[in-house]
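Chain by chain, the residues run as shown.
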Amino acid sequence: DQIAQIITEALEINNNQKNQINENENDPIENPIDRQINQLLQSKVVDENTLCVGLARVGREDQLICVNTVKNLANIDMGAPLHSLIVAGKLHPLEIDFLKLFYTKNENQKIDINFEELVELHNKFYL
(Lines give C-alpha, C1' and ligand atoms only; values in the text may rest on other atoms or scores of the structure.)
Protein backbone atom coordinates (compact mmCIF):
# COMPACT_ATOMS: atom_id res chain seq x y z
CA ASP A 1 0.00 0.00 0.00
CA GLN A 2 1.45 3.35 -1.06
CA ILE A 3 0.17 5.28 1.98
CA ALA A 4 1.78 2.83 4.39
CA GLN A 5 5.05 3.03 2.45
CA ILE A 6 5.03 6.84 2.49
CA ILE A 7 4.35 6.95 6.22
CA THR A 8 6.93 4.31 7.10
CA GLU A 9 9.63 6.00 5.04
CA ALA A 10 8.80 9.49 6.33
CA LEU A 11 8.94 8.38 9.97
CA GLU A 12 12.19 6.51 9.33
CA ILE A 13 13.77 9.55 7.67
CA ASN A 14 12.52 11.78 10.51
CA ASN A 15 14.03 9.46 13.16
CA ASN A 16 17.34 9.12 11.28
CA GLN A 17 17.66 12.88 10.88
CA LYS A 18 16.87 13.49 14.56
CA ASN A 19 19.59 10.99 15.48
CA GLN A 20 22.07 12.81 13.23
CA ILE A 21 21.14 16.13 14.82
CA ASN A 22 21.69 14.72 18.31
CA GLU A 23 25.09 13.36 17.26
CA ASN A 24 26.15 16.73 15.81
CA GLU A 25 24.57 18.96 18.47
CA ASN A 26 27.82 20.74 19.34
CA ASP A 27 28.92 21.35 15.74
CA PRO A 28 28.18 24.94 14.66
CA ILE A 29 26.20 25.11 11.42
CA GLU A 30 27.55 27.87 9.19
CA ASN A 31 25.25 27.53 6.16
CA PRO A 32 21.91 29.36 6.78
CA ILE A 33 19.91 26.82 4.74
CA ASP A 34 21.39 23.92 6.73
CA ARG A 35 20.61 25.82 9.94
CA GLN A 36 16.95 26.24 8.88
CA ILE A 37 16.66 22.56 7.96
CA ASN A 38 18.18 21.67 11.32
CA GLN A 39 15.64 23.89 13.14
CA LEU A 40 12.76 22.32 11.20
CA LEU A 41 13.88 18.81 12.10
CA GLN A 42 14.21 19.72 15.77
CA SER A 43 10.72 21.24 15.80
CA LYS A 44 8.97 17.85 15.57
CA VAL A 45 6.78 18.66 12.57
CA VAL A 46 5.28 15.16 12.47
CA ASP A 47 5.16 12.27 14.88
CA GLU A 48 3.26 8.96 15.06
CA ASN A 49 0.17 10.65 16.54
CA THR A 50 -0.19 13.37 13.91
CA LEU A 51 -3.61 13.27 12.23
CA CYS A 52 -3.52 12.60 8.51
CA VAL A 53 -5.98 12.10 5.68
CA GLY A 54 -5.41 9.21 3.30
CA LEU A 55 -7.06 9.54 -0.10
CA ALA A 56 -7.41 6.88 -2.77
CA ARG A 57 -8.95 7.12 -6.23
CA VAL A 58 -10.58 10.51 -5.57
CA GLY A 59 -13.41 11.27 -7.97
CA ARG A 60 -14.07 7.65 -8.87
CA GLU A 61 -17.00 5.57 -7.63
CA ASP A 62 -14.66 3.53 -5.43
CA GLN A 63 -12.87 6.51 -3.84
CA LEU A 64 -11.72 6.12 -0.24
CA ILE A 65 -11.06 8.84 2.33
CA CYS A 66 -9.65 7.83 5.73
CA VAL A 67 -8.68 10.02 8.69
CA ASN A 68 -6.55 8.69 11.54
CA THR A 69 -3.13 9.09 13.14
CA VAL A 70 -0.04 8.52 11.01
CA LYS A 71 0.65 5.27 12.84
CA ASN A 72 -2.89 3.89 12.45
CA LEU A 73 -3.32 5.10 8.88
CA ALA A 74 -0.23 3.14 7.88
CA ASN A 75 -2.13 -0.06 8.75
CA ILE A 76 -5.27 0.70 6.73
CA ASP A 77 -5.45 -0.93 3.31
CA MET A 78 -6.30 1.86 0.88
CA GLY A 79 -6.58 -0.48 -2.10
CA ALA A 80 -5.54 0.34 -5.63
CA PRO A 81 -3.76 3.61 -6.56
CA LEU A 82 -3.81 6.61 -6.96
CA HIS A 83 -3.07 7.61 -3.36
CA SER A 84 -2.48 10.93 -1.61
CA LEU A 85 -1.55 11.73 1.97
CA ILE A 86 -2.43 15.00 3.70
CA VAL A 87 -0.67 15.82 6.96
CA ALA A 88 -2.83 18.05 9.16
CA GLY A 89 -1.52 21.02 11.10
CA LYS A 90 -3.36 22.59 14.03
CA LEU A 91 -7.04 22.05 13.30
CA HIS A 92 -9.83 24.64 13.24
CA PRO A 93 -13.24 23.56 14.66
CA LEU A 94 -14.77 23.47 11.15
CA GLU A 95 -11.95 21.20 9.94
CA ILE A 96 -12.50 18.94 12.95
CA ASP A 97 -16.21 18.60 12.11
CA PHE A 98 -15.40 17.71 8.50
CA LEU A 99 -12.61 15.24 9.34
CA LYS A 100 -14.84 13.46 11.86
CA LEU A 101 -17.04 12.35 8.94
CA PHE A 102 -14.10 10.34 7.57
CA TYR A 103 -12.52 9.07 10.80
CA THR A 104 -11.64 5.45 10.11
CA LYS A 105 -10.91 3.21 13.04
CA ASN A 106 -8.51 0.43 12.13
CA GLU A 107 -9.21 -3.05 13.53
CA ASN A 108 -5.48 -3.30 14.39
CA GLN A 109 -5.61 -0.02 16.32
CA LYS A 110 -4.16 -0.78 19.73
CA ILE A 111 -5.50 2.26 21.60
CA ASP A 112 -9.27 2.53 21.98
CA ILE A 113 -9.62 6.30 21.72
CA ASN A 114 -12.41 8.41 20.30
CA PHE A 115 -11.98 11.03 17.60
CA GLU A 116 -12.27 14.00 19.95
CA GLU A 117 -9.42 12.67 22.11
CA LEU A 118 -7.26 12.15 19.01
CA VAL A 119 -7.88 15.74 17.90
CA GLU A 120 -7.06 17.05 21.37
CA LEU A 121 -3.75 15.15 21.42
CA HIS A 122 -3.01 16.27 17.86
CA ASN A 123 -3.66 19.97 18.55
CA LYS A 124 -1.62 19.90 21.79
CA PHE A 125 1.36 18.84 19.69
CA TYR A 126 1.21 22.19 17.86
CA LEU A 127 1.08 24.45 20.93
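All of these numbers come straight from a predicted model, not from anything done at the bench.

Colleague: Explain the overall build of the protein chain to me, and be specific about the residues and the numbers.
Modeller: For the protein chain, the helix and strand inventory stands at five helices and three strands. Secondary structure elements of the protein chain, listed N to C terminal, follow the sequence α-α-β-β-α-β-α-α. For the protein chain, with 127 residues in total, the buried portion stands at 30%. For the protein chain, the proportion of contacts with a sequence separation of at least 24, taken over those separated by at least 6, is 62%. For the protein chain, the accessible area works out to roughly 8700 Å², and carbon and sulfur atoms hold 52% of it.

Colleague: Kindly report on unusual backbone geometry, identifying the contributing residues and their values.
Modeller: Cis geometry is adopted by the peptide bond preceding Leu 82, which originates at Pro 81 and carries an omega value of 5°. Relative to the helices and strands, Leu 82 resides in the loop between helix H3 (70-73) and strand E3 (83-87). Located in the positive-phi region is Arg 57, a residue other than glycine, with phi close to 55°. Locating Arg 57 in the fold gives a position in the loop between strand E1 (51-56) and strand E2 (64-69).

Colleague: Tell me about the sheet that holds E3, and please be specific about residues and values.
Modeller: Taken in spatial order, the three strands line up as E2-E1-E3 in an open sheet, and their pairing is antiparallel. Strand pairing shows two members of the sheet lacking a second neighbour, E2 and E3, which therefore form its edges. When the angles between neighbouring strand axes are averaged without regard to direction, this sheet yields 20°. Examined bridge by bridge, E1 and E3 share five bridges and lie antiparallel to one another. From the neighbouring strand, Ala 56 faces E3, where its bridge partner is His 83.

Colleague: Got a sec to walk through the side chain of His 83? Specific residues and values, please.
Modeller: In this structure, His 83 sits in strand E3. Engagement of the side chain of His 83 in a polar contact is seen with the backbone oxygen of Gly 79, the distance being 2.9 Å.

Colleague: Run through the packing of aromatic side chains, naming residues and quoting values.
Modeller: Under the criterion given, the structure shown has two aromatic pairs. When the ring of Tyr 103 is compared with that of Phe 115, the centres are 5.3 Å apart and the planes differ by 50°; the resulting orientation is tilted. Taken together, the residues Tyr 103 in the loop between helix H4 (93-100) and helix H5 (115-125) and Phe 115 in helix H5 connect sequence positions twelve residues apart.

Cut-offs applied
Residues numbered from 1 in each chain as written. Predicted model: local features only at pLDDT ≥ 70, side-chain atom pairs only at ≥ 80, totals over all residues. Heavy atoms only, no water. Helix = DSSP H or I, 4+ residues; strand = E, 2+ residues; numbered from the N terminus. Buried < 20%, exposed > 50% of the residue type's maximum accessible area, 1.4 Å probe, protein only. Contact = heavy atoms within 4.5 Å. Areas by Shrake-Rupley, 256 points an atom, 1.4 Å probe, with all protein chains shown as cover. Pairing = 2+ DSSP bridges. Axes fitted to C-alpha atoms, helices over the stretch in contact; angles between N-to-C directions. Polar contact = N/O pair within 3.5 Å; in protein donor to acceptor, adjacent residues only side chain to side chain. Phe/Tyr/Trp six-rings, centres within 6.5 Å; stacked < 30°, edge-to-face > 60°.

On their own, these measurements won't tell you what the molecule is for.
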